[in-house]
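# Tertiary structure, described
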Amino acid sequence: MAKTIKSAVSDTLDDLTKVDFEKFCHQLLDRREPPRVKRNKVEDKSRLQVTDALVSIFTEEGALRVTLEILKQIGCSEEAKELEEATGGNSSKPAPTDASSASAGAAGGTAGDKNFVDKHRVELTKRVSNIAPILDELLDNEVIDQETYTRIRALSTTQDKMRELYIGPLQAAACKKIFYDILLKNEKFLVKELSEKDRKREKGARNVKKEEVEGKRSQTLPRRRRFGGSGDPETNRQQRRENATGGPSSKRGSSDAGASGGCTMADGKHFVDKHRVQLIQRVSNIAPILDELQDKEVIDQEQYDKIRALPTSQDRMRELYSGPLKASAACKDIFYESLLANEKFLVEDLSKK
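The numbers attached to residues start from 1 for each chain and follow its sequence in the written order. For this predicted model, a pLDDT threshold of at least 70 governs which residues receive local features, and a threshold of 80 or more governs which side-chain atom pairs are given and counted, while totals over whole chains, interfaces and linings are taken from all residues. With hydrogens and water set aside, each side-chain value is computed from the structure's full complement of heavy atoms.

## Focus on the pattern of salt bridges
It is possible for side chains of opposite charge to pair when their charged atoms get near one another. The term salt bridge refers to a pairing of a side-chain nitrogen on Lys or Arg with a carboxyl oxygen on Asp or Glu at a separation within 4 Å. The final tally for this structure, using the stated rule, is 20 salt bridges. Ionic pairing is found between Asp52 and Lys6, a salt bridge with its closest N-O pair at 3.0 Å. Of this pair, Asp52 sits in helix α3 (residues 47-73) while Lys6 sits in helix α1 (residues 5-15), and the two are 46 residues apart along the sequence. With relative accessibility at 33%, the residue Asp52 sits in the partly exposed group. Linking Arg127 and Glu123 is a salt bridge whose minimum nitrogen-to-oxygen distance equals 3.1 Å. Here Arg127 and its partner Glu123 are both found in helix α7 (residues 121-127), four residues apart, which amounts to about one turn of the helix. Arg127 gets classed as partly exposed once you look at its relative accessible area, which sits at 32%. One network of salt bridges, with partners in common, ties together Glu123, Arg127, Glu193 and Lys197. Only DSSP runs of H or I with at least four residues qualify as helices, and only runs of E with at least two residues qualify as strands; both kinds are numbered from the N terminus onward. Remark: exposure states derive from per-residue accessible area (1.4 Å probe, protein chains only) relative to the maximum for the residue type, with buried under 20%, exposed over 50%, and partly exposed in between.

Dropping the structure here:
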């Protein structure tokens, strides 16, 4: 049976010679990648205390990665190999249950398949306002250094400061955990609101899944006409969805999108294609649009950074058109929805033409 990560790391450090353990601690303190380890967490500490520090700073999985990395750097490749074999890729944390996964966002872990900080990137970028004490604590926890702190503080808006955090320091999982804990103290009500949305969304998803299971089960039974129903389980489920949403459901990109004021125009062209020149010239609120495109995975982190580095909104729009917006109609639909949210009056003006 594989050991837990913490016990395996502790055993590995115990097996190191005194000289190799000193090399390990020196290399740990010398790491430049955030989060940095403070000297008082390592100097004159026992091997078990250093193990505790590794896990508390990097999380279990991160502690394993950092330990393996340093062991190889100090020439202890055999010990690194034994550690990999001992852990077998497992951690001491139990597999998440439905209850634990539903509250994971509130615990600062993962919510669904995304960390809370990643999942709510767009909302946090837009709505975090108390940024000064957050930056102070990130500096104190060595998530950012003094140079980064000064550079971010010099940016003109809170949104720009949040974007700078996301494209740099918040790439590391351990840094996201520290950032989340700081958010809990400084943006308590915002975190509570977003966590509540997560719980409602997950509860709704479970209800839909339960409904689908019940629907499959009902197909094996004789169909009976219910009061107010059609007798067809699928039709009844569709009617219930329409009653809940206030109208018929429709898929993104459906053929009647144009008739409902959507993104397909009367001449069959997509709104984004038809008004390409005007959108390139007139879109000004490009930053939150890029945030949303990155959040919806229309662009990846590398593309996001590349486009944000361009000097003008027009250049950024041209880069979008030359790459991501050529990928598929679905990407254009997502872009159109973001335009509706961030350039509402421009979309209304172009829709009249």
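## Here we look at a negative patch on the surface
Patches draw on residues past 30% relative accessible area with no salt bridge. Two like charges within 9 Å are joined, as are two nonpolar side chains (Val, Leu, Ile, Met, Phe, Trp, Tyr) within 5 Å. Shrake-Rupley sampling with a 1.4 Å probe provides the accessible areas, and residues are treated as covered by the protein chains on show and by no other component. In this tally, Lys and Arg are treated as positive and Asp and Glu as negative; His is ignored, and so are the chain termini. A charge is said to be at NZ when it belongs to Lys, at CZ for Arg, at CG for Asp and at CD for Glu. On the surface, a cluster of negative charge is made up of Asp14, Asp15, Glu78, Glu82, Glu84 and Glu85. Mapped onto the negative patch, the elements with two or more residues apiece are α1 and α4 (77-87). Of the residues forming the negative patch, the biggest block, four residues, is contributed by α4. As for its placement among the helices and strands, Asp15 is situated in helix α1. For Asp15, a relative accessible area of 58% gives the class exposed.

## Quick word on the confidence of the model for the chain
How sure the predictor is of each residue is captured by pLDDT, a score from 0 to 100. Overall, the predicted model of the chain reaches an average pLDDT of 78, with 78% of residues at or above 70. Scored below 50 in pLDDT, residues 90-113 makes 38 contacts in the model with residues more than four places away or belonging to other chains. Contacts were defined at the residue level, with two residues in contact if any of their heavy atoms lie within 4.5 Å. Residue range residues 244-261 is modelled with pLDDT below 50. Its contacts to residues more than four positions away, or to other chains, number 13 contacts.

## Some remarks on the packing of aromatic side chains
The geometry of two aromatic rings is summed up by the distance between their centres and the angle between their planes. Between 30 and 60 degrees the pair is tilted, below 30 it is stacked and above 60 it is edge-to-face, where a pair is any two Phe, Tyr or Trp rings, Trp via its six-membered ring, whose centres lie within 6.5 Å. Applying the stated criterion across every chain yields a total of three aromatic pairs. Residues Phe116 and Tyr180 carry aromatic rings whose centres are separated by 5.1 Å and whose planes lie at 75 degrees to one another, so their mutual orientation is edge-to-face. You can see Phe116 sitting in helix α6 (residues 116-119) and its partner Tyr180 sitting in helix α11 (residues 173-186), a full 64 residues away along the chain. Judged by relative accessible area, Phe116 falls into the buried class, the value being 0%. Given a relative accessible area of 1%, Tyr180 falls into the buried group. With centroids separated by 6.5 Å and ring planes inclined at 80 degrees, the aromatic side chains of Tyr321 and Phe335 adopt a geometry described as edge-to-face. Placement of the pair is Tyr321 in helix α18 (residues 313-322) and Phe335 in helix α19 (residues 329-342), with a sequence separation of 14 residues. Residue classification places Tyr321 among the buried positions, given a relative accessible area of 3%. A cation over an aromatic ring shows up here: Arg47 above the ring of Phe21, its NZ or CZ 4.6 Å from the ring centre. The ring of Tyr304 has Arg121 lying over it, and the distance from NZ or CZ to the ring centre is 4.7 Å. Counted as over-ring charges are cases with an Arg CZ or a Lys NZ within 6 Å of the ring centre that also lie within 35 degrees of the ring normal.

## Examining the environment of Gln27
Along the chain, Gln27 turns up in helix α2 (residues 18-29). Gln27 gets classed as partly exposed once you look at its relative accessible area, which sits at 24%. Those residues in contact with Gln27, other than ones at most four positions away along the chain, are Ile70, Gln73 and Ile74.

## A short note on α11
Between its terminal C-alpha atoms α11 stretches 20 Å, which fits the 20 Å expected from 14 residues at 1.5 Å a residue. For α11, the full list of buried residues reads Ala174, Cys175, Lys176, Ile178, Phe179, Tyr180, Ile182, Leu183 and Asn186. One less than the residue count of a helix, multiplied by 1.5 Å, gives the span that helix is expected to have.

## So, the packing of α2 against α3
Close contact between α2 and α3 brings their axes to 11 Å; oriented N to C, the two are set at 100 degrees. One finds that α2 runs roughly perpendicular with respect to α3. From α2, Lys18, Phe21, Phe24, Cys25, Gln27 and Leu28 reach across to α3, where they touch Arg47, Val50, Leu54, Phe58, Val66, Thr67, Ile70, Leu71 and Gln73. Of the residues contributing to the contact of α2 with α3, the split by class is ten nonpolar, three polar and two charged. Only C-alpha atoms enter the line fits that serve as axes; for helices the fit covers just the stretch in contact. Angles between N-to-C directions range over 0 to 180 degrees. Each angle is binned into one of four classes, with values under 35 degrees roughly parallel, values over 145 roughly antiparallel, values of 65 to 115 roughly perpendicular, and all other values oblique. Put simply, Ala, Val, Leu, Ile, Met, Phe, Trp, Tyr, Cys and Pro go in the nonpolar bin, Asp, Glu, Lys and Arg in the charged bin, and everything else, Gly too, in the polar bin.

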